[in-house]
Number of protein chains: 2
Amino acid sequence: MNQAVIHSGCGAEPGLISADQAMQMMLDYVQPLTAETLPLSQALNRYAAEDIHSAINLPIFSQSAVDGYAVCADQQIQPDARFELIGEIRAGQAADAQLQPGQAIRIFTGAEIPAGTSAVARQEIVQAEACGIVLTEALQPHADIRGMGEEVAAGQLLAYAGQKLNVGAIAALSMAGIQQVRVFRYPKIAVVITGDEVTETVEDLSSGQIFDANGPLIQAWFQAQNQAVDMMHVQDSEQAAVDLFHSLKHQYDVILTTGGVSVGDYDFVRPAALKTGFEQIFWKVKQKPGKPILFAQHKGSDQRACYLLGLPGNPGAVYIGMQLYAAVLLNALQGKKQLPEWFSAVMTHDLKADARERFLRMSASFDQGLLKLASLAKQQSHMLSNLMQANCIVRVPAGQPVQAGQVLQGLFIQN
Amino acid sequence: MNQAVIHSGCGAEPGLISADQAMQMMLDYVQPLTAETLPLSQALNRYAAEDIHSAINLPIFSQSAVDGYAVCADQQIQPDARFELIGEIRAGQAADAQLQPGQAIRIFTGAEIPAGTSAVARQEIVQAEACGIVLTEALQPHADIRGMGEEVAAGQLLAYAGQKLNVGAIAALSMAGIQQVRVFRYPKIAVVITGDEVTETVEDLSSGQIFDANGPLIQAWFQAQNQAVDMMHVQDSEQAAVDLFHSLKHQYDVILTTGGVSVGDYDFVRPAALKTGFEQIFWKVKQKPGKPILFAQHKGSDQRACYLLGLPGNPGAVYIGMQLYAAVLLNALQGKKQLPEWFSAVMTHDLKADARERFLRMSASFDQGLLKLASLAKQQSHMLSNLMQANCIVRVPAGQPVQAGQVLQGLFIQN
């Protein structure tokens, strides 16, 4: 804990850690939560806690790729080849027939290929005759048969431990007969909004007060991820925060606070966290906005950890804090120990130097495969309205100006 | 309706429309749903039905940008300037004081600036004295004051009609005092899975049957968007489909089907739709996978429309159908009449020509700002496992090979 840092200046104090260092410290300190078994239908966007292997071959049996006729021949199949029609197999039916040379069976896309089949003739190259069919084109051996296991063999690795189960993964696992999965538990999260100045309704707005943006921002952020969190508000008093943290630390995996985390006379989040037994992992990051970020952990007698992520009170800083630190923390708790996956893109104009690394809201657009960045006005940490136009946040290195054409890193935000 | 097209071949039949034409027809035919008023907290990812203007100035009052001292001086403020300290204003408190030249007041970030303030001196450049403060640096007029309305003026346009209210928008609107919004109603959607061959559990799996991927895929797709849909299954019988469509068309805005939409003997979705009074808008698109796509509308006596989007039964085609057609349809119903917003990217290898436009699952990665594409194996329409590796779908133009270095369009998929 760096006691030498005692004020919140506007510049970069010596000894502050970088955003990359801070996020790496989160990855180093955070222990993944335990795993749980869920029905696959409830596992969207969770992280696999173990490798997942296919329960079956895919296709599960050899099947027709088209609507047509399964035919059996003991030699190459030429145009004008004739076959006796002996039945029909629909998708979903068992293929009980055993085709003999010269026989054909009506078959539909996805239906099981009967024993003895040489190839499937799609219906477009088949003409009906009195007691059978005749082909209008030659047929290659195995034509239009999807072979059993040609996509996936039973037992093959489908998803690795730590992989996020997105929509495509849920579908692919369903198809492979996976009914339930071991995934990391989603953290139980308490969101604590500080600040006597914030109010939610016009009726409650008195002189000197402002509307709360941080609560709605964080709530929507979790809502977009389909996750419920418990929202609460604490008065600007150290004792109130001590009492609250004391009760929360045993019930939650994460306490996420906004505001009160700098060194002002009413910045009581850090003192209250230290008084309730949290150990500081880092405090203050050389970035703009969002310098006074606190990350701390509490370990109970059972070694169960509760993490406290203290974001600043300015909503611009909260937004960046959620996209970077909250995202890294939640992923790490679910076994995905990885820094943000930045895109690279080219600036279309110059930017002045700043002593701290900046995270700017920008508009990115593709031009012949090249991602081009334009910064937006109104970037100050208390401003949010440019999120109406932004589609990404871009990191601008500290200490030197950026020139048009320079490559920077960024993250897309959901539009 | 093109009655000349009577079979489902593998190639591109003359007269088929392109994917762009098909999606444009959706935009042309679809009428937006009515609007509704929602609390802002329930409006995430909805589309604004009218322009939204700020209820207030932002900042709502002039406020301090830092923890420090509001000072009043009738001349330039030099180092060693001294001020009498007359009180304190915390964030959330009304600024009742009236500063006189030579006076200062303790003030905190976000607190209301009292009348008479010349500038705010941040606490780092202030030293305490017996009965006041002394500055260690000169101070510019208006330093560290956030002026009332400097970000947004009361009445200013914040969001335009048709804009999607993402996380950033919800936060920005909250901050501007917006409590409720007019948004387009989200469509009521019935998802109808066809196919006697699909089953959900191992216990039910008999010979010739497969696990259902389409139901889980579509359910997860809507779940990822926080939307509930009604899932149902219909037997492979035209009468069962007629009965079902008949009851659904008055209750739902959209019927989304999978399977049974080609021209096989058991492809009953289109005949059943036509028999229940749906008018075909298009059927079959010159694309791969997913050629036999049906889009139809039913207008009740009250002119209320129900749209039927019939996707093929192969899960690869369903995935593409959801990303393209379902997305365009749902957006259009919510007032956003816009084709997909493609990225552009550069292929890293050659691709063979195909008679139809293809939508391939690929892996995209940034290299110095340039987005580079690599195709994945196992692209056939009945295969899904490569969605575990894919992060985008890419459109490959019909009729000509693609060479390494060529620019193609694509869409990111959620990872």
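Since this is a predicted model, take the numbers as computed values, not measurements.

Cut-offs and rules
Residues numbered from 1 in each chain as written. Chains lettered and ligands numbered in written order. Predicted model: local features only at pLDDT ≥ 70, side-chain atom pairs only at ≥ 80, totals over all residues. Helix = DSSP H or I, 4+ residues; strand = E, 2+ residues; numbered from the N terminus. Buried ≥ 20, exposed ≤ 12 C-beta atoms within 10 Å, placed from the backbone. Contact = placed C-beta atoms within 7 Å. Pairing = 2+ DSSP bridges. Axes fitted to C-alpha atoms, helices over the stretch in contact; angles between N-to-C directions. Least-squares fit on C-alpha atoms with pLDDT ≥ 70 in both. Core = buried A, V, L, I, M, F, W, Y, C linked by C-beta atoms within 7 Å. Domains from an automatic or database assignment. Parallel < 35°, antiparallel > 145°, perpendicular 65-115°, else oblique. Left-handed = near helix turned anticlockwise from the far one by under 90°. Nonpolar A, V, L, I, M, F, W, Y, C, P; charged D, E, K, R; others polar.

Enquirer: Kindly report on the overall build of chain A, identifying the contributing residues and their values.
Expert: Counting secondary structure elements, chain A contains six helices and 26 strands. Along the first, second and third principal axes, the C-alpha atoms of chain A reach 95 × 55 × 45 Å. The buried share of chain A, taken over its 415 residues, is 51%. Across chain A, contacts joining residues at least 24 apart in sequence account for 71% of those joining residues at least 6 apart.

Enquirer: Run through the sheet that holds strand 8 (residues 126-129) of chain A, naming residues and quoting values.
Expert: As a general point, the strands of a sheet are linked pairwise by backbone hydrogen bonds and lie either parallel or antiparallel. All names here are of chain A. In space, the six strands of this open sheet follow the order 7-4-6-5-9-8, with mixed pairing throughout. Here the strands that pair on one side only, and so sit at the sheet edges, are strand 7 (119-122) and strand 8. For this sheet, the mean inter-axis angle between neighbouring strands, taken without regard to orientation, is 40°.

Enquirer: Tell me what's going on with the relation of the copies chain B and chain A, and back it up with residues and numbers.
Expert: Superposing chain B onto chain A takes a rotation of 180° combined with a translation of 0.0 Å along the rotation axis, leaving an RMSD of 0.1 Å. Such a turn and shift between the copies fits a two-fold axis. The position closest to the rotation axis in chain B is occupied by the C-alpha of Leu370(B), lying 2.2 Å away. Most of the interface of chain B is mirrored in chain A, where 100% of its interface residues are also at the interface.

Enquirer: With reference to specific residues and values, describe the nonpolar core.
Expert: Counting residues in hydrophobic clusters, the biggest one holds 268 residues, and the most contacted among them are Ile170(A), Ala171(A), Leu329(A), Ile170(B), Ala171(B) and Leu329(B). Not counting chain neighbours up to four residues away, the residues in contact with Ala171(A) comprise Ala213(B), Pro216(B), Leu217(B), Ala220(B), Pro315(B), Tyr319(B), Leu384(B) and Leu387(B).

Enquirer: Would you mind going over helix 3 (residues 214-223) of chain A in detail, with residue names and values included?
Expert: Among the ten residues of helix 3 of chain A, eight are classified as buried, and the element is accordingly described as predominantly covered. Considered for burial, the residues of helix 3 of chain A that qualify are Asn214(A), Gly215(A), Pro216(A), Leu217(A), Ile218(A), Gln219(A), Ala220(A) and Trp221(A). Where the residues of helix 3 of chain A are buried, they touch strand 13 (189-194), strand 16 (230-234), strand 17 (254-258) and helix 6 (315-333) of chain A together with helix 2 (167-175) of chain B.

Enquirer: So what about the domain arrangement of chain A? Which residues, and what values?
Expert: The assigned domain composition of chain A is domain 1 (19-32 + 186-333), domain 2 (36-57 + 154-184), domain 3 (63-146) and domain 4 (343-412). The C-alpha-based centres of domain 3 of chain A and domain 4 of chain A are spaced at 60 Å.

Enquirer: Please set out the packing of helix 3 of chain A against helix 6 of chain A residue by residue, giving values where relevant.
Expert: All names here are of chain A. Two elements in contact, helix 3 and helix 6, have axes separated by 10 Å at closest approach and are oriented at 20°. One finds that helix 3 runs roughly parallel with respect to helix 6. Seen along the crossing, helix 3 lies across helix 6 with a hand that is right-handed. On helix 6, the residues that touch Asn214, Leu217, Ile218 and Trp221 of helix 3 are Pro315, Val318, Tyr319 and Met322. Class assignment of the residues belonging to the contact of helix 3 with helix 6 gives a composition of seven nonpolar, one polar and no charged.

Enquirer: Mind laying out the pairing of strand 24 (residues 370-375) of chain B, listing which residues take part and the relevant values?
Expert: Every other side chain in a regular strand lies on the same face of the sheet, so the side chains alternate between the two faces. Residue and element names in this part refer to chain B. Covered by surrounding structure in strand 24 are Leu371, Leu373 and Ser375 only, the residues Leu370, Lys372 and Ala374 on the alternate face being uncovered. Sheet analysis places strand 23 (residues 357-367) next to strand 24, joined by six bridges and oriented antiparallel. Residue pairing across strands places aspartate 367 opposite leucine 370, the latter belonging to strand 24. A loop of two residues connects strand 23 with strand 24, the two strands running antiparallel in sequence, and glutamine 368 in this loop sits at a positive phi of about 55°.

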